[in-house]
Amino acid sequence: MVDTAPLTRAKYPRSLIAGPYGHPFHAIAIILPIGAWVSASVFDVIAVMSPDAAVFALGARILIAIGLLGAVVASVLGLIDWSSIPKGTPARATGLTHMILNLIAMSVFAGSLALRVDEETVPTLAMIASFGGLALLSVSGWLGGKLAHTYGVRVATETTQAEGLEPLP
């Protein structure tokens, strides 16, 4: 007989802060930093190609800062979800790798922001760092998808899922 208790624990929130059953807030919170950082990179490209680089360079700086603030919130929520995954499992190891990549990406974006201080244009190294950060986020996002869609972390049980696929009366 398979012990389903660890699987069940990983599907339910460890704290109300993490969001209700079937609706993890981490999955929602990641939208802000990802959107801000992708937009900042678009602004970087526009700044390099535009005769009015200063406005887009400023926009990119603001977006990176917003992304960093949002990433802190997403990280806390992700840590809460990760803490409910049983130790010694592939899901826990995948979650740890996902977390480490995200922390590195946050550091890369923080470095990119530091390189931009008092700049009217986008420093080449800052732009390269931002695109590197996006590459890290892509790999990390794939791992986050694996946690949810392959391992079912914070995803409703199959019984709950089946309720949504029953024919309507």
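Residues numbered from 1 in each chain as written. Predicted model: local features only at pLDDT ≥ 70, side-chain atom pairs only at ≥ 80, totals over all residues. Heavy atoms only, no water.

In this section: the packing of helix α4 (residues 53-83) against helix α5 (residues 90-116). At a minimum axis separation of 10 Å, α4 and α5 run at an interaxial angle of 160°. Relative to α5, the element α4 is oriented roughly antiparallel. The way α4 lies across α5 gives a crossing that is left-handed. Residue-level inspection shows Ala 60, Arg 61, Ile 64, Ala 65, Leu 68, Ala 71, Val 72, Ser 75, Leu 79, Trp 82 and Ser 83 of α4 in contact with α5, the latter providing Arg 92, Gly 95, Leu 96, Met 99, Met 106, Phe 109, Ala 110, Ser 112, Leu 113 and Arg 116. Considered class by class, the residues forming the contact of α4 with α5 number 14 nonpolar, four polar and three charged. (Axes fitted to C-alpha atoms, helices over the stretch in contact; angles between N-to-C directions. Helix = DSSP H or I, 4+ residues; strand = E, 2+ residues; numbered from the N terminus. Parallel < 35°, antiparallel > 145°, perpendicular 65-115°, else oblique. Left-handed = near helix turned anticlockwise from the far one by under 90°. Contact = heavy atoms within 4.5 Å. Nonpolar A, V, L, I, M, F, W, Y, C, P; charged D, E, K, R; others polar.)

This part covers the nonpolar core. Of all hydrophobic cores here, the largest spans 13 residues; its most connected members are Trp 37, Ile 64, Leu 68, Phe 109 and Leu 137. Secondary structure elements with two or more residues in this core: α3 (31-49), α4, α5 and α6 (124-150). Not counting the four nearest positions on each side in its chain, Ile 64 is found in contact with Trp 37, Ala 40, Phe 109, Ser 112, Leu 113, Arg 116 and Ser 130. (Core = buried A, V, L, I, M, F, W, Y, C linked by side-chain atoms within 4.5 Å. Buried < 20%, exposed > 50% of the residue type's maximum accessible area, 1.4 Å probe, protein only.)

If you walk through the whole model with that rule in mind, you get three aromatic pairs. Look at Tyr 12 and Tyr 21: their rings are 4.4 Å apart centre to centre, the planes differ by 15°, and that puts the pair in the stacked class. Given the relative accessible area of 37%, Tyr 12 is considered partly exposed. Classification of Tyr 21 as partly exposed rests on a relative accessible area of 24%. Ring centres 4.1 Å apart and planes at 10° place the aromatic pair Trp 37 and Phe 109 in the stacked group. Of this pair, Trp 37 sits in helix α3 while Phe 109 sits in helix α5, and the two are 72 residues apart along the sequence. (Phe/Tyr/Trp six-rings, centres within 6.5 Å; stacked < 30°, edge-to-face > 60°.)

A few words on unusual backbone geometry. Positioned with a positive phi, Asp 118 is a non-glycine residue whose angle comes to about 60°. Along the chain, Asp 118 falls in the loop between α5 and α6. When its relative accessible area of 75% is taken as the criterion, Asp 118 is described as exposed. Here the phi dihedral of Arg 154 falls at roughly 60°; this positive angle occurs in a residue that is not glycine.

Attention now moves to α5. The end-to-end C-alpha separation of α5 is 39 Å, in line with the 39 Å expected for 27 residues at 1.5 Å each. Among all positions of α5, only Ala 91, Arg 92, Thr 94, Gly 95, His 98, Leu 101, Asn 102, Ala 105, Met 106, Phe 109, Ser 112 and Arg 116 are buried. Buried positions along α5 lie against α2 (25-29), α3, α4 and α6. Directly beyond the C-terminal end of α5, a positive phi value near 60° is found at Asp 118. (Expected span 1.5 Å × (residues − 1).)

Geometric values such as these leave the question of function open.
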